Amino acid sequence: MLAAMSTSSQVHPRRLSVKRDQLRIDGHDLFDVELGGWMCGPALGEAPVVLIVGGITANPFPFGNGSDKEAWWPSLQASDLVDPETMTILCPEWPGNGSNFRGIDDVNSNFHLSVQGLADLLQVWLEGIQCKQPITFVGASLGALVGFAMAQRYPDRVQRLVSISAGLRPDGWGTATRHVQRELVRDGLRNGDVDTGMARARQLGMLTYRGRHELDTRFGHLSASMAVPPVAEYLDYHGRRFARDFPVATFLLLSEAIDRCSFGETPAELRTAVEKVSAEVTVVGVPGDQLFPWELQEELHRELQAAGASSALWKLDSEFGHDAFLADQSRLAQLLRDSRALDQGRESTSERFCGVGVEPIREIRLGLIGCGVEGTGLLEIIDKQAEAVAERYAVSFKVTKMAVRDLDKDRGPLAADIPRTADALELVSDPNVDVVVEVAGGLAMEAPVRAALAAGKPVVTANKVLMAEKLAELGVLAQRTATPLFCEAAVAAAIPIIKHLSHRADEIDSLLGIVNGTCNYLLTRLEQDELEFEQALKEAQALGLAEADPSADVDGHDAAAKLSILAYRAFGTWVPPSKLKVIGIRDLKPADSYLAESLGFRIRHIAHAKRVGDRLDLAVEPLLLPSWHLLASVEEEYNAVYLQCASSGDLSLFGKGAGGLPTGTAILGDLIDLAQKNTMRWPEPRDIGIVPANELLRRHYLRVTAEPHPGLERRIDSLVRRAGLNVQARASRTEADYMHLGFLISESTDADFDAAQEAVTALGRVVDSLGLGVNE
């Protein structure tokens, strides 16, 4: 959004004063009181009133006075923010620095005021100048504390409050710092060198007003060739100017007023006080603020929300710390535009518990590695869901740079204006990239992913090969550097199985998953259309559901990589894919689907893991599932994961496990979790033993394809019995030249079944055989 033009280069405020013979404030009787302030813009009663109050050292001329006072808040003077042409602007004078009463200059007196007392003085001034209409109060630092006190003590007076870099209270660190500042001044008074005391107090204050990062990058450290550190000149300048220009009594009074600010000693008292606020409140805080930390802004917003008041919390990301409202004015001005906090055309509401306040939309900048099917799918889903994501989560995502192999290749309209590089490592060091999203795939992506984690830059990846092969190393690196690492899209795309396993409260006893959409689509075609494997594969390739080289899918390696990741999340152990038993689906025929259904089963390619004592049984293989099993009904390219849990029983998740948009949805979900700080831990993998296949008993399916022969079934029965096994059920199917016999064999180890199958295959007229496990 373009900033509005300044309404006027100069304003000409006029002073308004109110005199009282006596006032009682904070338990003190004040005599010969003169309260002053300045007004510019239309006369009172002719326009909306905006009251501006800054920090301790702020004068009452935020936009200058047209002569000797320069503007200290010029960025707020704009037609869509604070406009002296259409608004009445009021700026009060602090006691001792414009406003006065008898004894104000006595630095040795025990007189003190609180923030609430300052609010009471301000209320007297507003009444005295005949300001009768509700005001918009814009306060920063001490001014924001006074603004909240006004809104709490005089709710009919304050219609809107913009509280910048303050809170409900000072914290202990800030109070201690201000105490030391006051003691430095008092030491100066006692020693007859108050200028030095004031200068030192200001220098200490400057260290609290500015951000640590700014001081580090702007001034650096004391090198061997220097007599004093580079920051010394900066501190001396501000110290001398403060000692020369600012009244000692006013500093002591206002500094202590901050520390005497209290709206309640107990949570109940605080809640009662906050419940009196009827103003619309916009709270603006700076994460690097040392004087009034971000947590104090959150506390103020939370208490207002809990009390039913209208409050919105906005974060001003700036390196300038507490003084960001002065040093980063253009950013603050844009924030106030976005929040509409000063939009006089917007209708205000004082209804309790009405909405949750306007929230800032935080932009997270993405560096995208790879922009093929999954990358373009991510761009599409980010664009499609932008409005919904902003509304639900107050965040937006923008790809600011991408790394691709072919810089000239057309990546679609959504990628046309995104800067490109051929070096993925550039994204790690790019300050305009907050998160690295990797969808290129393959082990070659280890370098940029590892570099990002080492640099503390969050990573979201869809790279199952990398995660499966390097999971232990990358997970430990993420944990050691406290850097978020997300990989939902690496397993089952739109199915949030990683999220579920990472945040579960229960223990997993067993896991079965259909995690390869290509295999499941091919099995569906074999089952429903009775296509031969090669025919079904060509159809899948034509539809984009199978790669030109389908080996990783149909031979089970893709599912094995996913099982490796799932086993870590479900059981805390890492088993590389190379150590898993992996069987593909190339040997399956349409007859197998027919025979399995005749026996009451359906064939699915299953990645499974199961606790067996203190060890695990893991494999990827085609299995016969009972027809009633949840996974048996999963068809086409869909994925599903079925869990058996120790306490919560059976759970299942179902959805599309591949494709640009499903994968993009999973990545976007990880990004939302990242934005919401819903991170996951990566504990070091535990060493859990793997159960050898020969120790496990299960039933098996045997398919025998042979030339028709009257005694074949009898001979097969005989060989099975010789192996110590039994045929429990059978089915058959006859084709033109061959017959297919299906047998359900009693429980045995895989080795015993393999021996029986080998003997059957050696029979005359047997052309082929296939053995599969049965999952009960």
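Note that the structure is predicted; figures quoted are calculated from it, not measured.

### Quick word on the sheet that holds strand 1 (residues 14-25)
Reading across the sheet, the 8 strands line up as 1-2-4-3-5-6-7-8 and stay open at both edges, with mixed pairing between neighbours. The sheet terminates laterally at strand 1 and strand 8 (310-315), the two strands that pair on one side only. Strand-to-strand twist across the sheet, computed as the mean angle between neighbouring axes with direction ignored, equals 20 degrees. Here strand 5 (residues 135-140) pairs with strand 6 (residues 158-164) via 6 bridges, running parallel. Along strand 6, the bridge assignment pairs Gly139 with Ser163.

### Re the nonpolar core
Within the largest apolar cluster, 85 residues are counted, with the highest numbers of intra-cluster contacts made by Phe397, Val437 and Ile497. Ranked by the residues each element gives to this core, the list is headed by helix 21 (residues 557-571), at 10 residues. Other than its neighbours up to four places away in sequence, Val437 contacts Leu366, Gly367, Leu368, Ile369, Leu378, Val460, Ile667 and Leu671. Listed in part, the 78 residues of the second largest apolar core include Leu35, Val53, Leu113 and Ala279.

### Remarks on the environment of Asn59
Tracing the backbone shows Asn59 in the loop between strand 3 (49-53) and strand 4 (88-92). Taking relative accessible area as the criterion, Asn59 reaches 24% and is therefore assigned partly exposed. In sequence terms Asn59 and Ser578 are 519 residues apart; their C-alpha atoms lie 72 Å from each other. Among residues more than four places away in sequence, those in contact with Asn59 are Lys69 and Trp72. A distance of 2.8 Å separates a polar side-chain atom of Asn59 from the backbone nitrogen of Phe61.

### Here we look at the confidence of the model for the chain
Per-residue confidence for the chain gives a mean pLDDT of 91; residues scoring 70 or more make up 97%. Taken together, the stretch residues 1-9 has pLDDT below 50 and engages in 20 contacts with residues farther than four places along the chain or on a different chain.

### Regarding the environment of Gln644
Along the chain, Gln644 falls in strand 19 (residues 638-645). Between the C-alpha atoms of Gln644 and Leu511, which are 133 residues apart in sequence, the distance is 6.5 Å. When residues no more than four places from it in sequence are discounted, the contact partners of Gln644 are Glu507, Ile508, Asp509, Ser510, Gly649 and Asp650. Polar side-chain contacts of Gln644 include one of 2.7 Å to the side chain of Ser510.

### Details of empty space enclosed by the protein
Enumeration over the complete set of coordinates arrives at 2 cavities of 30 Å³ or more. Taken as a whole, the largest cavity encloses approximately 200 Å³ of empty space. Forming the walls of the largest cavity are 21 residues, and the residues nearest its centre are Pro92, Glu93, Trp94, Pro95 and Leu122. Of all elements in the fold, only strand 2 (28-40), strand 3, strand 4 and helix 1 (115-128) reach the threshold of two or more residues within the lining of the largest cavity. Among the elements that take part in the lining of the largest cavity, helix 1 stands out by supplying 4 residues, more than any other. Residues belonging to the lining of the largest cavity are distributed by class as follows: 15 nonpolar, 5 polar and 1 charged.

### Concerning the side chain of Gln116
Topologically, Gln116 is positioned in helix 1. Under the relative-accessibility criterion, Gln116 is labelled buried at 7%.

### Brief notes about the pattern of salt bridges
Within this structure, the stated rule accounts for 49 salt bridges. A salt bridge links Asp673 to Lys499, with the nearest nitrogen and oxygen atoms 3.2 Å apart. Of the two residues, Asp673 is situated in helix 23 (residues 660-675) and Lys499 in helix 17 (residues 497-502); the sequence distance between them amounts to 174 residues. The partner of Asp717 in a salt bridge is Arg730, with the nearest N and O atoms 3.0 Å apart. With Asp717 in helix 24 (residues 712-722) and Arg730 in strand 22 (residues 727-734), this pair connects stretches of sequence that are 13 residues apart.

### Some remarks on the packing of helix 18 (residues 517-528) against helix 22 (residues 590-598)
The geometry of helix 18 relative to helix 22 is characterised by a closest axis approach of 7 Å and an angle of 75 degrees between their N-to-C directions. As judged from the angle between their axes, helix 18 and helix 22 are roughly perpendicular. Together, Leu523, Leu526 and Glu527 of helix 18 and Pro590, Ser593 and Glu597 of helix 22 make up the contact between the two elements. A per-class count over the contact of helix 18 with helix 22 returns 3 nonpolar, 1 polar and 2 charged.

### Remarks on the environment of Thr376
Of note, Thr376 is situated in helix 12 (residues 373-384). Relative accessible area serves as the criterion here: at 27%, Thr376 is assigned to the partly exposed category. Considering only alpha carbons, one finds Thr376 and Ala415, 39 residues apart in sequence, at a separation of 7.7 Å.

### Some words on the pairing of strand 21 (residues 698-706)
The side chains of a regular strand alternate, residue by residue, between the two faces of the sheet. Taken across its 9 residues, strand 21 has 9 buried, putting it largely inside the fold. Alignment of strand 21 against strand 23 (residues 739-748), held across 8 bridges, turns out to be antiparallel. Residue pairing across strands places Arg698 opposite Ser748, the latter belonging to strand 23. Two strands pair when backbone bridges link them, and strand 21 and strand 24 (residues 766-774) are joined in this way by 7 bridges, in the antiparallel orientation. Paired with Ala706 across the two strands is Val766, which belongs to strand 24.

### Some thoughts on helix 24
Listed in full, the buried residues belonging to helix 24 are Leu712, Ile716, Asp717, Leu719 and Val720. Across the axial projection of helix 24, the buried residues extend over an arc of 165 degrees, all falling on one side. In helix 24, the exposed positions that point more than 90 degrees away from the buried face belong to Arg714, Arg721 and Arg722. In the core, the buried residues of helix 24 are packed alongside strand 21, strand 22, strand 23, helix 25 (750-761) and strand 24. Gly724 sits one or two positions beyond helix 24 and adopts a positive phi of about 85 degrees.

### Topic: unusual backbone geometry
The backbone of Asp26 shows a phi angle near 55 degrees, a positive value even though the residue is not glycine. The backbone of Lys677 sits at a positive phi, close to 65 degrees, despite the residue not being glycine. Given the relative accessible area of 68%, Lys677 is considered exposed.

### A short note on the sheet that holds strand 12 (residues 435-438)
The 6 strands lie next to each other as 11-10-9-12-13-14, forming an open sheet whose pairing is parallel. Every other strand in the sheet has two partners, leaving strand 11 (420-421) and strand 14 (485-486) as the edge strands with one partner each. Pairing of strand 9 (residues 362-369) with strand 12, which is carried by 4 bridges, proceeds in the parallel orientation. In the sheet register, Leu368 faces strand 12, and the bridge partner there is Val437.

### Structural notes on the packing of aromatic side chains
Each aromatic ring pair is characterised by the separation of its centres together with the angle its planes make. Counting across every chain of the model gives 10 aromatic pairs. Plain terms: the ring middles of Trp72 and Trp73 are 5.2 Å apart, the flat faces sit at 20 degrees to each other, and that makes the pair stacked. A relative accessible area of 15% places Trp72 in the buried class. Residue classification places Trp73 among the buried residues on the basis of a relative accessible area of 0%. On the basis of an interplanar angle of 15 degrees and a centroid distance of 5.6 Å, the ring pair of Tyr568 and Trp682 is categorised as stacked. Here Tyr568, found in helix 21, pairs with Trp682, found in the loop between helix 23 and strand 21; they are 114 residues apart in sequence, far enough to count as distant.

Criteria and thresholds
- Residues numbered from 1 in each chain as written.
- Predicted model: local features only at pLDDT ≥ 70, side-chain atom pairs only at ≥ 80, totals over all residues.
- Heavy atoms only, no water.
- Pairing = 2+ DSSP bridges.
- Helix = DSSP H or I, 4+ residues; strand = E, 2+ residues; numbered from the N terminus.
- Axes fitted to C-alpha atoms, helices over the stretch in contact; angles between N-to-C directions.
- Core = buried A, V, L, I, M, F, W, Y, C linked by side-chain atoms within 4.5 Å.
- Buried < 20%, exposed > 50% of the residue type's maximum accessible area, 1.4 Å probe, protein only.
- Contact = heavy atoms within 4.5 Å.
- Polar contact = N/O pair within 3.5 Å; in protein donor to acceptor, adjacent residues only side chain to side chain.
- pLDDT = per-residue confidence, 0-100.
- 1 Å grid on protein atoms, 1.4 Å probe; cavity = no way out; pocket = protein on both sides within 12 Å on 5 of 7 lines; lining within 4 Å.
- Points joined across faces, edges and corners; volume = space filled by probe spheres on them.
- Nonpolar A, V, L, I, M, F, W, Y, C, P; charged D, E, K, R; others polar.
- Salt bridge = Lys/Arg side-chain N within 4 Å of Asp/Glu carboxyl O.
- Parallel < 35°, antiparallel > 145°, perpendicular 65-115°, else oblique.
- Arc of directions from axis to C-beta.
- Phe/Tyr/Trp six-rings, centres within 6.5 Å; stacked < 30°, edge-to-face > 60°.

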